[in-house]
Amino acid sequence: MAASSNAEQTQLQDMDEEDAGMEEREMDSDEEDGMGEENSDDEEDDSSEDEKENEAEIQRLEEQLSINAFDYNCHVDLIKLLKQEGELLRLRKARQKMSELFPLTEEIWLDWLKDEIRLSEEEPNREKVYELFEKAIKDYICPDIWLEYAQYSIGGMGSPGGIDKVRAIFERAVTAVGLHMTKGQTVWEAYREFENAILSTVQPPPGRIPSREEKELLNTQLGRIHTLFRRQLAIPLMEMEATFAEYDEWSEEGVPEAAAHLYKKASLQMAKCKPFEDSLLVAETPKLAEYQAYLDFELKEGDPARVQITYERTLAENCLVPDMWAKYNNYLDRQLKIKDLVLSTHERAVRNCPWTMGLWKSYLLALERHGADHHTVSDVFEKALNAGFIQATDYVEIWQAYLDYLRRRVDFSKESSKELEELRGAFSRSLDYMKQDVEERFGESGDPSCLIMQNWARIEALHCKNIQKARELWDSIMTKGNAKYANMWLEYYNLERSYGDPVHCRKALHRAVQCTSDYPEHVCEVLLTFERVEGSLEDWDVAVQKTETRLNRVNEQRAKAAEKEANMARQEDDRTDHRRKAKSEKKVQKKFQKGSRVGEKRKAEQDDYHNEWNEDSEQAPKRQRGNRDQTTEESMETEAGLFGRKPPPGYKPPPPGAKKGQHGAPADAPRQSDDKSELRNDDSSVFISNLMYTLKEPEEKLRTLFETCGPIKQIRPVFGNKGAFKGYGYLQFESPVSVPEALKLDRQEVEGRPMFVSPCVDKNKNPDFKVFKYNTTLEKQKIFISGLPFSCTKEQLEEVCKSHGTIKEVRLVTYRSGKPKGLAYVEFADEAQASQAVLKMDGMEIEDNKISVAISNPPRRNLMDKPGSSRDTADLMPRQVYGSRGRGRTQLSLLPRSLHRQSAPVGKVENGTTSGGQAANAAGETKPLSNSDFARMLLSK
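Each chain has its residues counted from 1, running along the sequence as written. Side-chain atom pairs in this predicted model are given and counted only at pLDDT of 80 or more, local residue features only at pLDDT of at least 70, and totals for whole chains, interfaces and linings cover all residues. By convention in this description, side-chain values take in all heavy atoms of the structure and omit both hydrogens and water.

A.B. asks: Please provide a residue-by-residue account of the overall build of the protein chain, values included.
C.D. replies: Numbering goes from the N terminus for both helices and strands, where a helix is a DSSP run of H or I of at least four residues and a strand is a run of E of at least two. Looking only at helices and strands, one finds 34 helices and 15 strands in the protein chain. The rule is simple: take the accessible area with a 1.4 Å probe, protein chains only, and divide by the maximum for that residue type; under 20% is buried, over 50% is exposed, in between is partly exposed. Looking at the protein chain residue by residue over its 941 residues, the buried ones come to 35%.

Printed below as a string of structure tokens:
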């Protein structure tokens, strides 16, 4: 009993513990539910705030589109937000509005189609999806959209005629994109899978003998699949080998011989296209250069279907390139001439590039060529007027194209017709449009010669026999600033000559003689010729008198203008001579100042001067600082010695025939300019510069470089007074024919430094001659690149740029020493390729350097740099000369202020002379101060 009671107690305790645990769990669950409710409330608050922000952004985008409906990016952002919010009805409207204005990309279409497919679960809505698919396949030729279209149609095969409709869509798909070398295979495989699925439904079950009708149906279906295999194997596509192996495995009799022959032929074609496909795989978008090379190949092969699919692939990635659309349209207009294909392509072209007038013009011609109704042509023309062309002349051309179309509609055998009145109304409207809309927008009418009015006048005179209306129009043309041009009067005269009478011809020519200012002699000659044929003696006398009077007045005006121009040229020559003299006197003045500074050196340096004057000294030569210091030192030397230096005591002048070379050695060889007694012929000579001063045997080196250009008469490298090569010289050929060949060696690298080769011109006779003349205007086919790494070579840059177009020239900009500046110019074959290169290359990185790319627009040369230009008077001030160690870190003067001496002021330049010339001479002979002189100056203070 005790044991049983204990067991009951323990059981009760266990039950109590379980109940307590249950209560605790219930309390915990209640707490969790409470916390979950709090978290859900927080999430709802956050989501509501996000929804409000998104709704505000949606309203902002809709308002912006109401102002500017052609904002492409705004359309894209609105569609993304509406899809995120799940606003399906608003999303559908936004997509419809965008598709009316722009062709949609493949991604946007696929998203739209998938959304509509999910919404259309019921049968009646399938037709709307079909209509949407039909719109999608018209924008671009996209294999993925066609595949989605075909697969969606399979879902409706259960309806009456559903299988035939699916087959029709698949046939259209393989016709449109079946030749696509990389994506066409997926469409073919989907088509075969569909037919195989149909085959499985018509095969009889195992063990049952099929009836005659079932056998016919089975053989027909097998024939369809065999045909699909043969058609696919005849087209060069990727992974053709797998398709051939699949056919061989599927067919009980193996691959037929005819199909194998087609497969081999397609494989050969595939091998030809493989390099172009490989280049497209590795190239970066938009791959314009690679596609252009592919197109050139296909055009040469001459298969229209392959040319068409290559154009479609190109335009799918380069839809904003008007030139590519124009080429495609021209090919279709001249080669295929299929109405639906041609007109749909023209429509796609103007939707992608509405700002290009040439595409609209060719569209109008294509509509007329294929017999489109008048309402359609007029609607396209009105759209063209609202397209927003970029220049005024575009509106003139599009109006002319439309007026030509209207003129061809008129039957001029009838005195009046509806078409004729419409033509005249269009002419009047075009003139008003040019005067109001175009002139208000561009500041010009775009038709200064009044071409539209001229055509109207000719039509009235020729077809309508209304010469009075033509005269009124031509009078209006002359009042618009055209009366001074001879060609306008002669056009009017020819019109009167053809459709008018001699009286009005004579009147027009008399007015032309009085008004023409560009070619009055020609107009006078036409008047006299007319009177010889048509006029009387009185008419002849009047014509002679008028022409003589007019020509005399013209000659007087021209004489005055020529005299005025000559005076201006003479004044300019005087100013040039004045500046040249001032410049030469400035150089002389600098030489005197340098001589005076040299004369102020301390007396302890006289020993060094003695070594320089004594040609028999055996002291080791001083280390030369470089070619620049040496040139400066040589520029101070004259036949009498050094400015500001007196020969040391005991100096004896050298004998007349003796010369001193570098390091005291005789300089017989280097001074070749003195040995050559023959004068230089500039026509057969070139000037060579920027060579290394340390170049060994420069004459032999130059002879080796230029001997391929032609027979060399003499080579004269220029040496300094001490025998050092100065880095330049002259080379004279036997014939001037060799000079152009020598100029081709300009900028060729010689021992790590670019050699400059230029024509040999006497600057005294031609002071304004410039060797290097670069463009200072916009070069649309050339790009300018900055920020290049200094290690970048011409070949590397050409490799980077060639993917954007055909390169004509690459030029790296360098210093005179040959070191790169990090700049380059690259010239492309045309303006479109250069523009694409700017768009794709600007901001890209080359060897961790971010480059900048722009269309080449060199700045105008500064007038201050031109010879003979006026310069600031501050340039005439002498430069500060520092000591032998150069400029110090600080410019503190350790000389007492009482000993500071002001440099002599430079005299003003007047009439080519310097008033301070005598002072400069005196300063050049200043005696150096001794210690006693310094002491006296200090005591006097």
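Moving on from the coordinates now.
A.B. asks: Break down the sheet that holds strand E9 (residues 807-814) for me, citing the residues and quoting the values.
C.D. replies: In this analysis, strands are considered paired if DSSP registers two or more bridges between them. On the basis of which strands lie adjacent, the open sheet formed by 4 strands has the order E9-E10-E8-E13 and antiparallel pairing. The open sheet terminates on both sides in strands that have one partner only, identified here as E9 and strand E13 (852-856). Strand after strand, the sheet turns through a mean of 20 degrees between neighbouring axes, direction not considered. As judged from the 7 bridges shared by E9 and strand E10 (residues 820-828), these two strands associate in the antiparallel manner. Looking across to E10, one finds that threonine 814 is bridged to proline 820. The sheet contacts of helix H31 (residues 794-801) involve strand E8 (779-786), E9 and E10, and relative to E9 the element is tilted by about 135 degrees. Fitted lines through C-alpha atoms give the axes, limited to the stretch in contact for helices. The angle between two N-to-C directions lies from 0 to 180 degrees. Should any heavy atoms of two residues lie within 4.5 Å, those residues are considered in contact.

A.B. asks: If you had to explain the sheet that holds strand E3 (residues 685-689) to someone new, which residues and values would you point to?
C.D. replies: On the basis of which strands lie adjacent, the open sheet formed by 5 strands has the order E4-E5-E3-E7-E6 and antiparallel pairing. The sheet is open, and its two edges are formed by strand E4 (712-719) and strand E6 (748-750), each paired on a single side. Each strand of the sheet is rotated relative to its neighbour by a mean of 30 degrees, with strand direction disregarded. Direction of pairing for E4 relative to strand E5 (residues 725-733): antiparallel, over a ladder of 6 bridges. Residue pairing across strands places isoleucine 715 opposite leucine 731, the latter belonging to E5.

A.B. asks: Go over the pairing of E10, please, and point to the residues and values.
C.D. replies: Alignment of E8 against E10, held across 5 bridges, turns out to be antiparallel. Along E10, the bridge assignment pairs serine 786 with leucine 823.

A.B. asks: Describe helix H13 (residues 304-317), listing the residues and the values that go with them.
C.D. replies: Here the expected length of a helix is defined as 1.5 Å per residue gap, with one fewer gap than residues. Between its terminal C-alpha atoms H13 stretches 21 Å, which fits the 20 Å expected from 14 residues at 1.5 Å a residue. For H13, the elements touching its buried residues are helix H7 (162-177), helix H11 (257-282), helix H12 (288-301), helix H14 (322-336) and helix H15 (339-352).

A.B. asks: Outline the pattern of salt bridges, supporting the account with residue identities and numerical values.
C.D. replies: Salt bridge, as applied in this entry: a Lys or Arg side-chain nitrogen positioned within 4 Å of an Asp or Glu carboxyl oxygen. Scanning the entire structure with this criterion turns up 44 salt bridges. Linking arginine 167 and aspartate 164 is a salt bridge whose minimum nitrogen-to-oxygen distance equals 3.9 Å. Taken together, the positions of arginine 167 and aspartate 164, both in helix H7 and 3 residues apart, correspond to about one turn of that helix. A single network of salt bridges, built from pairs that share partners, joins Glu55, Glu62 and Arg90.

A.B. asks: Can you break down the packing of aromatic side chains residue by residue, with the values?
C.D. replies: Note on aromatic pairs: the rings of Phe, Tyr and Trp (six-membered ring only in Trp) are paired at centre separations within 6.5 Å, and the planes decide the class, stacked below 30 degrees, edge-to-face beyond 60, tilted for the rest. As enumerated under the stated definition, the model contains 32 aromatic pairs in all. For the ring pair tryptophan 399 and tyrosine 402, a centre distance of 6.4 Å and an interplane angle of 65 degrees mean the geometry is edge-to-face. Taken together, the residues tryptophan 399 and tyrosine 402, both in helix H18 (residues 392-409) and 3 residues apart, mark about one turn of the helix. A relative accessible area of 7% places tyrosine 402 in the buried class. Summarising the aromatic geometry, the rings of tyrosine 493 and phenylalanine 530 are spaced 6.1 Å apart at their centres and angled 90 degrees between planes, so their arrangement reads as edge-to-face. Taken as a pair, tyrosine 493 in helix H22 (residues 486-499) and phenylalanine 530 in helix H24 (residues 520-534) lie far apart in primary sequence, 37 residues in all. Neither tyrosine 493 nor phenylalanine 530 differs from the other in exposure class; each is buried. Through a chain of ring-to-ring contacts, three or more aromatic side chains come together here, namely Phe381, Phe389, Tyr395, Trp399, Tyr402, Tyr405, Tyr433 and Phe442. Cation placement over rings: the criterion is NZ of Lys or CZ of Arg within 6 Å of the ring centroid and within 35° of the ring normal. Note that arginine 126 overlies the ring of tyrosine 152, its terminal NZ or CZ placed 4.2 Å from the centroid. The ring of tyrosine 815 is capped by lysine 821, whose NZ or CZ atom sits 5.0 Å from the centre of that ring.

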